[in-house]
Amino acid sequence: SACFNCKIQFGIGSRHHCRRCGNTYCAKCSSNRAPLLLYGIKTPERLCDSCFALTPAENELAATHLPLLERGMTCAMGFFKEMVIVKLSGDAIVVLDKGTKPRHSFALPQLSVEAEGKVRMSINNVKLDAVGTRDRDAFVRAAKAAAAAAKQPDLATTVDTARKKQKYDYAK
C-alpha cells in the first residue's frame, strides 16, 4: 500500500497511522504531534499534516469554549428582564428559565449569535442582556466557535469520502 497523501509506496516498518483520521502515511507526511483534546487525548499523538492544521482550533474549542458553554451564563430576557440561563445542552444552545425549563433551543449548525450594544447579545433574534461585556463577549466567541465546528462535516464521513476518492483515483 501507499501513503494516503504523497502516494509513496511503503517499505517494511515505514507506515504510520494518523491518530485523528486513521489514514496511513509515510513519516514525512505524518511527522507532527499534538494532543487531541476534543477526543479526550491529552498526550501528543502522531498526526498527518491535514489533521495537524485542524487540531489547534479543535483544542481551543475543547479547552476554552466548551467548558464555558457547558457552565452557561445568566442573562436577562424580555421586557420584564426575566432571569434565564443560556448554556450548551447536547448539540444545541438552550435558554432555560429559573426552574430549568427550556424556553428556547437553537441547534448549533443553525446558530446565529451576535454582540449588540453594551451587554446585549442576540441568539437567532432572541435578545438577551448579559451581566457584563466581558462575559457576553466570551460567550459569543464560544458560541460562534461551537457553531462553526458543528458545521464541519463529521470526521468519519470526511475520511470515508477521501478513501473512496483515493480508490477511484487508483482505478484510473
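Each chain has its residues counted from 1, following the order in which its sequence is written. Local features in this predicted model are restricted to residues of pLDDT 70 or higher, and side-chain atom pairs are both shown and tallied only at a pLDDT of 80 or more, whereas totals for entire chains, interfaces and linings draw on every residue. Remark: hydrogens and water are excluded; side-chain values derive from all non-hydrogen atoms of the structure.

Some words on unusual backbone geometry
Next, step 1: In this structure, K81 is a non-glycine residue whose phi angle is positive, near 55 degrees.
Next, step 2: Each helix is a run of DSSP H or I of at least 4 residues and each strand a run of E of at least 2, with the numbering of both proceeding from the N terminus. Note that K81 resides in the loop between strand 5 (73-77) and strand 6 (82-89).
Next, step 3: The phi dihedral of N125 falls on the positive side, at around 70 degrees, and the residue is not glycine.
Next, step 4: Summarising the element assignment, N125 is placed in the loop between strand 10 (120-123) and strand 11 (126-130).
Next, step 5: Only protein chains enter the accessibility calculation, which uses a 1.4 Å probe; a residue is then buried when its area is under 20% of its type maximum, exposed when over 50%, and partly exposed in between. Relative accessible area serves as the criterion here: at 67%, N125 is assigned to the exposed category.

Considering helix 1 (residues 49-71)
Next, step 1: Given a helix with a known number of residues, its expected span is that number minus one, times 1.5 Å. The end-to-end C-alpha separation of helix 1 is 33 Å, in line with the 33 Å expected for 23 residues at 1.5 Å each.
Next, step 2: Roughly 40 degrees is the biggest bend found in helix 1, and it falls at H65, with proline P67 one to four residues downstream.
Next, step 3: Residues of helix 1 that are buried: C51, T55, E58, N59, L61, A62, H65, L68 and L69.
Next, step 4: On the buried face of helix 1, the contacting elements are strand 3 (32-36), strand 4 (41-47), strand 6, strand 7 (92-96) and helix 2 (133-151).
Next, step 5: One or two residues past the end of helix 1 sits G72, with phi positive at roughly 85 degrees. One axis is fitted to the seven residues ending at the residue and one to the seven starting there. The bend at that residue is the angle between these axes. Any two residues having at least one pair of non-hydrogen atoms within 4.5 Å are treated as being in contact.

Overview of the sheet that holds strand 8 (residues 102-107)
Next, step 1: What the seven strands build is an open sheet, ordered 8-7-6-5-11-10-9; its pairing is antiparallel. One side of each edge strand has no neighbouring strand; the edge strands of this open sheet are strand 8 and strand 9 (113-116). Direction aside, the axes of adjacent strands within the sheet are offset by 30 degrees on average.
Next, step 2: Note on pairing: DSSP must find at least two bridges between two strands before they are called paired. Bridge count for strand 5 against strand 6 is five bridges, and the pairing is antiparallel. The residue bridging M77 from the neighbouring strand is E82, located in strand 6.
Next, step 3: Packing of helix 1 onto the sheet brings it into contact with strand 5, strand 6 and strand 7, and relative to strand 6 it is tilted by some 140 degrees.
Next, step 4: An axis is simply a line fitted to the C-alpha atoms; with a helix, the fit covers only the stretch in contact. Between two such axes, the angle follows the N-to-C directions and lies from 0 to 180 degrees. Here helix 2 sits on the sheet and contacts strand 5, strand 6, strand 9, strand 10 and strand 11; the angle it forms with strand 9, its principal contact strand, is near 160 degrees.

Observations concerning the side chain of S122
Next, step 1: For S122, the location among the structural elements is in strand 10.
Next, step 2: Pairs of N or O atoms within 3.5 Å make up the polar contacts considered here, provided that, within protein, one atom can donate a hydrogen while the other can accept it, and that residues adjacent in sequence are counted only when both atoms are side-chain atoms. A polar contact is formed between the side chain of S122 and the backbone nitrogen of N125, at a distance of 3.5 Å.

With respect to the pattern of salt bridges
Next, step 1: Each salt bridge in this description consists of a side-chain nitrogen of Lys or Arg and a carboxyl oxygen of Asp or Glu lying within 4 Å of one another. Following the criterion strictly, the structure yields eight salt bridges and no others.
Next, step 2: Here R103 ties to E82 by a salt bridge, and the two come within 2.7 Å at their closest N and O atoms. One end of the pair, R103, is in strand 8; the other, E82, is in strand 6, with 21 residues separating them in the sequence.
Next, step 3: Residue E82 is classed as partly exposed on the basis of its relative accessible area, which comes to 32%.
Next, step 4: One salt bridge connects R136 with D137, and the closest N-O pair in it is separated by 2.7 Å.

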